[in-house]
Amino acid sequence: MTYGDGVVKARTAREGTDDGYVPSPRRIERERFKRARARRATAVAALSTLVTGAVLFLVVTRSPGWPRTRETFFSLEYARMALPKVLDGLLLNLRLLVVCGAAVLVLGLLLAVARTLRGPVFFPLRALAAAYTDFFRGLPLIICLLMVVFGVPALRLQGVTTDPVLLGGSALVLTYSAYVAEVFRAGIESVHPSQRAAARSLGLSGGQALRFVVLPQAVRRVVPPLLNDLVSLQKDTGLVSIAGAVDAVYAAQIIAGKDFNFTPYVVAGLVFVALTIPMTRCTDWITARMDRRRAQGGLV
């Protein structure tokens, strides 16, 4: 039995069919060459990665200040002491991510819809939504946090909370809703006007066309950038520590302030990285899946 016959039998065993197809020797040789090239590329990539990692390790560990740096930033003793407290503080970051993420999506969508309303009667609403997005997109998040966290209590308004967690979360919502609004607006404007015209020709009102025709398509198209904004929000929840909220970052700061050892900051950073990487990979997977569906004509 030749190699080609073996390929045919293996294929028919997998597919359960016998169509009599026999690959030519040239195709068999081409497939063998592709497999060999893929194995060679994998080996070269692995070797180059190992060499690069070894060089970086030697450069860092052979530097004059490495012993002191290792003691100050990579102490196992301080890492074991800081990890439980950092994880306890991380629960606050996760709660902020869930609550603020939901509020950001709702407020961002409302702002995007307001900016895309048609007709002169809606001009004041469009102007206010545009001014909001322009202002908070240009204002640094750290300044927004300081203004809200310290400015709102200074007003001494009756019935207004002074809880640093709520105030810090409000500042996050104010800033990120401006970015998310622009993402939603881009999705809405990417829907072809013929979709809205077709909906109106079927008897739908302007609001119904927006709700049932435009928005479903727009939201599907902007899922990847929305997930990227949520990843950024997850990292920036650590900024509420400037208000005194005991999250993962502030818990690390308390421990580091006692002995002036910065290992707890490294631990907190690695915890945030461990949370961010799965979200990033999920975003990449969803993006690739939507690209495949769009290339096959399955996504409008």
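Throughout this document, residue positions are counted from 1 along each chain, in the order its sequence is written. Totals for whole chains, interfaces and linings use all residues, but because this is a predicted model, local features are given only for residues with pLDDT of at least 70 and pairs of side-chain atoms are given and counted only at 80 or more. As a rule here, side-chain values cover all heavy atoms of the structure and leave hydrogens and water aside.

Next up on the list: the overall build of the chain. Numbering of helices and strands runs from the N terminus, with a helix taken as a DSSP run of H or I at least four residues long and a strand as a DSSP run of E at least two residues long. For the chain, the count of helices and strands is 12 helices and zero strands. What you see in the chain, going N to C, is helices and strands ordered as α-α-α-α-α-α-α-α-α-α-α-α. What the globule rule says is 2.2 Å times the number of residues to the power 0.38, and the radius of gyration is computed from C-alpha atoms. In terms of C-alpha radius of gyration, the chain reaches 28 Å, well past the compact-globule figure of 19 Å for 300 residues. Dimensions of the chain along its principal axes, counting C-alpha atoms only, are 90 × 75 × 30 Å. When the 300 residues of the chain are sorted by exposure, 33% land in the buried category. Residues are treated as being in contact if the distance between any of their heavy atoms lies within 4.5 Å. Long-range pairs, those at least 24 residues apart, make up 74% of the contacts in the chain with a sequence separation of at least 6. What sets the accessible areas is the Shrake-Rupley method with a 1.4 Å probe; for residues, cover comes only from the shown protein chains. Accessible surface for the chain amounts to roughly 18500 Å². Of this, 66% is attributable to carbon and sulfur atoms. The charge count treats Lys and Arg as positive and Asp and Glu as negative. His and the chain ends do not count. The location of each charge is read from NZ of Lys, CZ of Arg, CG of Asp or CD of Glu. Distance between charge centroids for the chain: 5 Å, based on 36 positive and 19 negative side chains. Think of it in three bands: with a 1.4 Å probe and only protein chains considered, a residue is buried below 20% of the maximum accessible area for its type, exposed above 50%, and partly exposed in between.

This next bit is on the packing of aromatic side chains. Any two rings among Phe, Tyr and Trp, with Trp reduced to its six-membered ring, count as a pair given centres within 6.5 Å; such a pair is stacked if its planes are under 30 degrees apart, edge-to-face if over 60, and tilted if neither. Scanning all chains against the criterion turns up six aromatic pairs. Centroid distance Phe135 to Phe136: 5.0 Å. Interplanar angle 90°. Geometry classified as edge-to-face. Take Phe135: its relative accessible area is 47%, and that puts it in the partly exposed class. The interplanar angle of 55° and the centroid separation of 6.3 Å between the aromatic rings of Tyr176 and Tyr179 together place this pair among those described as tilted. Of the two residues, Tyr176 and Tyr179 are both situated in helix H7 (residues 164–190); the distance of three residues between them amounts to about one turn of the helix.

Surface patches are drawn from residues lacking salt bridges whose relative accessible area is over 30%; two like charges belong together within 9 Å, two nonpolar side chains (Val, Leu, Ile, Met, Phe, Trp, Tyr) within 5 Å. Whenever a carboxyl oxygen of Asp or Glu lies within 4 Å of a side-chain nitrogen of Lys or Arg, that contact is scored as a salt bridge. A cluster of basic residues, Arg26, Arg30, Lys34, Arg37 and Arg40, forms a positive patch at the surface. Examined against the element boundaries, Arg40 turns out to sit in helix H2 (residues 25–61). Its relative accessible area of 47% is what places Arg40 among the partly exposed residues.

As a further point, take unusual backbone geometry. The backbone phi angle of Arg156 is positive, close to 55°, even though this residue is not glycine. Taking relative accessible area as the criterion, Arg156 reaches 74% and is therefore assigned exposed. The backbone of Phe260 shows a phi angle near 55°, a positive value even though the residue is not glycine. Along the polypeptide, Phe260 turns up in the loop between helix H11 (248–259) and helix H12 (263–295). Phe260 sits in the exposed class, given a relative accessible area of 65%.

What follows deals with the pattern of salt bridges. As enumerated under the stated definition, the model contains eight salt bridges in all. The salt bridge partner of Glu71 is Arg68, with a shortest N-O separation of 3.7 Å. Within this pair, Glu71 and its partner Arg68 are both found in helix H3 (residues 66–73), separated by three residues, close to a single helical turn. The class for Arg68 is exposed, based on a relative accessible area of 58%.

Close contact between helix H6 (residues 141–155) and H7 brings their axes to 9 Å; oriented N to C, the two are set at 135°. It follows that H6 is oblique to H7 by the angle criterion. Note that H6 runs across H7; the crossing there is right-handed. Here Leu141, Cys144, Leu145, Val148, Val149, Val152 and Pro153 of H6 come into contact with H7, specifically with Leu167, Gly168, Ala171, Leu172, Leu174, Thr175 and Tyr176. The residue classification treats Ala, Val, Leu, Ile, Met, Phe, Trp, Tyr, Cys and Pro as nonpolar and Asp, Glu, Lys and Arg as charged. All others, Gly included, are polar. Here the contact of H6 with H7 is built from residues that sort into 12 nonpolar, two polar and no charged. Here an axis means a line fitted to C-alpha atoms, over the contact stretch when the element is a helix, while the angle between two N-to-C directions is reported on a 0 to 180 degree scale. An angle below 35 degrees is read as roughly parallel, one above 145 as roughly antiparallel, one from 65 to 115 as roughly perpendicular, and any other as oblique. Put simply, a crossing is left-handed when the front helix is turned counterclockwise from the back one by less than a right angle, and right-handed when it is turned clockwise.

Attention now moves to the confidence of the model for the chain. Any region with low pLDDT has predicted coordinates that should not be read closely. Known as pLDDT, the predictor's confidence for each residue is given on a scale from 0 to 100. When the pLDDT values of the chain are averaged, the result is 87; 92% of them are 70 or greater. Per-element confidence in the chain ranges from a low mean pLDDT of 49 for helix H1 (residues 3–15) to a high of 94 for helix H5 (residues 123–138).

Moving on, we come to the state of the cysteines. A pair of sulfur atoms, both from cysteines and within 2.5 Å, is called a disulfide here. Under the criterion given, the structure shown has zero disulfides. Between Cys144, a cysteine without a disulfide, and Cys100, which holds the nearest cysteine sulfur, the sulfur-to-sulfur distance is 12 Å.

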